[in-house]
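Chain residues, written in single-letter form:
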Amino acid sequence: MEKEYYVCTGCGLLCDDIELEMEKDLIGKVHTACRVGVAHMKESPGEAEYLVDGKKVDEKTAIEEAASVLKAARNPLIFGLGTSTNEAQKKAIELAEKLNATLDDTSSFCLGPLIEAILQEKFKTCTLDDVRNKADISFFWGSDPADSHPRHLSKFSYFPRGQEKQRGWEEERTAIAVDIRKSHTAKICGNEFYQVPPGGDAEFIEALIAGLSGKLPKTSFKFPPKKLLELANILKGARFGVIFVGLGLIYSLENLEPLIKLMDTLNEKAKGDFYLIPMVGHYNMRGFNETLFEKTGFVNSVKFEEGSVKHGPGYSVVESLKAKTVDAALIIGSDPLASLPHSIAKQLLEIPLITIDPCETLSSRKAKVSIRSGVSGVEAGGSATRMDGVQVPFRPAIDAKRPSDEEILSKLMEAL
Amino acid sequence: MTNAMELYQLLPKTNCKECGKTSCMAFAVALLSRELTADDCPPLKNEPKFKEKYEKINELAGPAGGATETGLIVHEELCFGCGNCVVACPVNVANDPYGVGSGNAPKKNEKLILTIEDGIVKAQNVDECRRFGKNKILCTGCIVTCPVEAIEFVV
Ligand code: SF4
Ligand code: SF4
Ligand code: SF4
Ligand code: SF4
């Protein structure tokens, strides 16, 4: 008998093997998910709630109010969407087109450039299933999946048996970590942990490239050349190597050039091939980036204008707020008031906000219109794009009393 | 945590060897590894003056002493359900290669030692553990793979 599995939308790993025991209409016992996933799935599925200026109203009033805010705006900002389904994201993009809005997500200040480079095929990439089946080197750079994606190592990148990896992790896989501190992941990597000082990644890459090319690897922070050469040798022996790039590395690099050069060198010098997978945090940030890229050629920070698209840092959430170019904001599944630096976030208090979110957040409390949506994957079905680009469809686990963000966006569209 | 010294303090400390061990300390170690129980020390079991100590030892080293029979202890407050130990445990892999052995949900539950329930590791079928029984070996699969030292064996 095939078991019935659910998908966890607790992080970008989108684990698709979660078993649930239902208790009445609620989720009871959760099997196989990590603690983060369990907390996410058991988050209490409240009632639908529509607030205008903090007062409860009915759905129709809230949607109409939101529509009139957006209509009145000259250049509204649509932001968030990292925890929305592919379907909801498509709706939001349509809405942005219709409103001549500025559209951005959190990737503009995190992994956006990396995902763009992958979509532009500047890096070779592979799926997590390939990693499980073939990878002999899993290299975590500036990423700490043990904390951010708890099942990453057990489900894909280190511990599982795979088609060409039948003998187990001790014999057939090597996990490597480069980080500024000994993270939980680094701990698992044991001797293959390489500590760099903050901001030292570019130099470490340079030195590693030198080591791979048979030169003496030198760093200003005096990383032991012998240890670096050992690392270069391990990497050279790889048949199927994967680098999991996290924010730690992206924030430390001025641009992606060093990383591109490293990947090229690895692919030239190693026995086999090297691939790169971005460690996307939100369960569907990559989905947003891919859908927008398909439509416009850009992954984030766009402004629609009468059928044409403009793109650039000026259209990112941070810059457009700084420059005060946006005069209303529709925020979906994100809490910029809490997450952006105060100097920028405070500009959000100057313009009318509309929030769509399952939770009460700082942003929703300050919003003109706030709508509580269902948690996707728990209360709403749809599909999402995993960190490696694989499409994962899912259905809701419980009967929702709250509308999905897709439904809310559709209604908003109609009201316009 | 219970250690051999603590158990030793509760023994008669006469080194009479009736238990078959060379000393009370050796007996304490055997208690800890669940090789023997309090009943295997005749003076402890039979002499009324040791009654309290006998009961205390049963509490600490008996089957219901917090640890499982192999001495496996899960610190639930530390465990975050990453599943590393579940996937790395050789007994789990042998019994369910395509389920937990491949990183997935269990396909065959019967003989699994470690599984994840509500985000925390749960131990069962511990008599299957490689540290237990006649051909025991010092397996460390679930210990070295845990990022937070949530699994411990009290031996
Ligand atoms: S690793 Fe991520 S997707 Fe998998 S169960 Fe944990 S939170 Fe959910
Ligand atoms: S039988 Fe009891 S008292 Fe005698 S050596 Fe063994 S543990 Fe000590
Ligand atoms: S000691 Fe070895 S056999 Fe026993 S539970 Fe841990 S990993 Fe499994
Ligand atoms: S490896 Fe440690 S944290 Fe992970 S599930 Fe096992 S006991 Fe829990």
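Engineer: Tell me about the overall build of chain A, and name the residues and values.
Structural biologist: Summing up its helical and strand segments, chain A has 19 helices and 18 strands in all. Relative to the 2.2 N^0.38 estimate, which gives 22 Å for 416 residues, the radius of gyration of chain A is 23 Å and therefore close to what a compact globule would have. Taken over the C-alpha atoms alone, chain A extends approximately 70 × 55 × 35 Å along its principal axes. Here chain A holds 416 residues, and 58% of them are scored as buried. In chain A, the proportion of contacts linking residues at least 24 apart, taken out of those at least 6 apart, comes to 69%. Of the accessible surface of chain A, which amounts to about 17,000 Å², a share of 49% is contributed by carbon and sulfur atoms. Of the charged side chains in chain A, 52 are positive and 60 negative, and the gap between their average positions amounts to 4 Å.

Engineer: How would you sum up the overall build of chain B? Please name residues and give values.
Structural biologist: Helix and strand counts for chain B stand at seven helices and four strands. Reading chain B from its N terminus to its C terminus gives the helix and strand order α-α-α-α-β-α-α-β-β-α-β. Reported as C-alpha extents along the three principal axes, the dimensions of chain B are approximately 55 × 30 × 25 Å. The 155 residues of chain B split such that 50% are buried. At a minimum sequence separation of 6, the contacts of chain B that also span at least 24 residues come to 50%. With the model as given, the accessible surface of chain B reaches about 7,700 Å², and the carbon-plus-sulfur share is 52%. Distance from the positive charge centre (17 side chains) to the negative charge centre (20 side chains) of chain B: 6 Å.

Engineer: Mind laying out the interface of chain A and chain B, listing which residues take part and the relevant values?
Structural biologist: If you look at the interface, chain A gives 27 residues, while chain B gives 30 residues. Summed over both sides, the interface between chain A and chain B buries roughly 2,300 Å², with carbon and sulfur atoms accounting for 48% of that surface. Of all residues in chain A, R35, F159 and R161 of chain A give up the largest surface area on contact with chain B, accounting jointly for 25% of the area buried on that side. Here chain A is connected to chain B by three salt bridges. One salt bridge connects E149 of chain B with K187 of chain A, and the closest N-O pair in it is separated by 2.9 Å. For the interface between chain A and chain B, the tally reads 16 residue pairs in polar contact (both at pLDDT 80 or more). Elements with a minimum of two residues in the side of chain A that touches chain B: strand 2 (26–31), helix 1 (35–42), helix 7 (152–157) and helix 9 (184–189) of chain A. Among the elements that take part in the side of chain A that touches chain B, strand 2 of chain A stands out by supplying four residues, more than any other. Within the side of chain A that touches chain B, the residues separate by chemical class into 12 nonpolar, five polar and 10 charged.

Engineer: An account of the packing of helix 4 (residues 112–119) of chain A against helix 14 (residues 285–296) of chain A is needed here, citing residue identities and associated values.
Structural biologist: All names here are of chain A. Remark: helix 4 packs on helix 14, axes separated minimally by 11 Å, with the N-to-C direction vectors making an angle of 50°. Considering their axes alone, helix 4 and helix 14 lie oblique with respect to each other. Crossing handedness for the pair helix 4 and helix 14: right-handed. Together, I115, I118 and L119 of helix 4 and M285, R286, N289, E290 and F293 of helix 14 make up the contact between the two elements.

Engineer: Lay out helix 10 (residues 201–212) of chain A with the relevant residues and their values.
Structural biologist: Residues and elements named next belong to chain A. In this model helix 10 runs 16 Å from its N-terminal to its C-terminal C-alpha over 12 residues, within 8% of the 16 Å that 1.5 Å per residue would give. Among the 12 residues that make up helix 10, nine are buried, leaving the element largely enclosed by the rest of the structure. Where helix 10 is buried, its residues meet strand 7 (137–141), strand 8 (174–179), strand 9 (193–195), helix 11 (225–236), helix 12 (247–252) and helix 13 (257–269). Where helix 10 terminates, the next one or two residues include G214, which has phi positive at roughly 80°.

Engineer: I'd like a rundown of the pattern of salt bridges, residues and numbers included.
Structural biologist: Under the definition given, this model contains 32 salt bridges over all chains. A salt bridge links K310 of chain A to E305 of chain A, with the nearest nitrogen and oxygen atoms 3.2 Å apart. Taking relative accessible area as the criterion, K310 of chain A reaches 34% and is therefore assigned partly exposed. Of the charged contacts, one joins K51 of chain B and E55 of chain B as a salt bridge, the two residues approaching to 3.2 Å between their closest N and O atoms. Taken together, the positions of K51 of chain B and E55 of chain B, both in helix 4 (residues 51–61) and four residues apart, correspond to about one turn of that helix.

Engineer: Before we move on, could you go through the sheet that holds strand 6 (residues 102–104) of chain A and cite the residues and values that matter?
Structural biologist: Residue and element names in this part refer to chain A. Reading across from one edge, 4-3-16-15-14-5-6-12-13 is the order of the nine strands in this open sheet, with mixed pairing throughout. This sheet does not close on itself; its edge strands, each paired only once, are strand 4 (55–56) and strand 13 (308–311). Taken together, the three bridges between strand 5 (residues 76–80) and strand 6 define a ladder with parallel strand orientation. Paired with L77 across the bridge in strand 6 is T102. Across the sheet, helix 3 (residues 86–99) is in contact with strand 5, strand 6, strand 12 (302–305) and strand 14 (328–332); its angle to strand 5 comes to roughly 165°. Along the sheet, helix 14 contacts strand 6, strand 12 and strand 13; its crossing angle with strand 12, the most-contacted strand, is approximately 40°.

Engineer: Got a sec to walk through the pairing of strand 2 (residues 114–117) of chain B? Specific residues and values, please.
Structural biologist: Along any regular strand the residues' side chains alternate between the sheet's two faces. Residue and element names in this part refer to chain B. Residues of strand 2 alternate between two faces, with L114 and I116 on one and T115 and E117 on the opposite face, all of them buried. Pairing of strand 2 with strand 3 (residues 120–123) involves four bridges; the strand directions are antiparallel. Across the sheet, the residue bridging to L114 is A123, located in strand 3.

Engineer: Before we move on, could you go through unusual backbone geometry and cite the residues and values that matter?
Structural biologist: Unlike most non-glycine residues, E121 of chain A shows phi in positive territory, near 60°. As for its placement among the helices and strands, E121 of chain A is situated in the loop between helix 4 and helix 5 (128–134). You can call E121 of chain A exposed: its relative accessible area is 70%. One non-glycine residue with positive phi stands out, namely N15 of chain B, at about 50°. Positionally, N15 of chain B belongs in the loop between helix 1 (4–9) and helix 2 (24–32). Residue classification places N15 of chain B among the partly exposed positions, given a relative accessible area of 37%.

The rules behind these values
- Residues numbered from 1 in each chain as written.
- Chains lettered and ligands numbered in written order.
- Predicted model: local features only at pLDDT ≥ 70, side-chain atom pairs only at ≥ 80, totals over all residues.
- Heavy atoms only, no water.
- Helix = DSSP H or I, 4+ residues; strand = E, 2+ residues; numbered from the N terminus.
- Rg over C-alpha atoms; globule rule 2.2 N^0.38 Å.
- Buried < 20%, exposed > 50% of the residue type's maximum accessible area, 1.4 Å probe, protein only.
- Contact = heavy atoms within 4.5 Å.
- Areas by Shrake-Rupley, 256 points an atom, 1.4 Å probe, with all protein chains shown as cover.
- Lys, Arg positive; Asp, Glu negative; His and termini not counted.
- Charge placed at Lys NZ, Arg CZ, Asp CG, Glu CD.
- Buried area = accessible area lost by both parts, 1.4 Å probe.
- Salt bridge = Lys/Arg side-chain N within 4 Å of Asp/Glu carboxyl O.
- Polar contact = N/O pair within 3.5 Å; in protein donor to acceptor, adjacent residues only side chain to side chain.
- Nonpolar A, V, L, I, M, F, W, Y, C, P; charged D, E, K, R; others polar.
- Axes fitted to C-alpha atoms, helices over the stretch in contact; angles between N-to-C directions.
- Parallel < 35°, antiparallel > 145°, perpendicular 65-115°, else oblique.
- Left-handed = near helix turned anticlockwise from the far one by under 90°.
- Expected span 1.5 Å × (residues − 1).
- Pairing = 2+ DSSP bridges.

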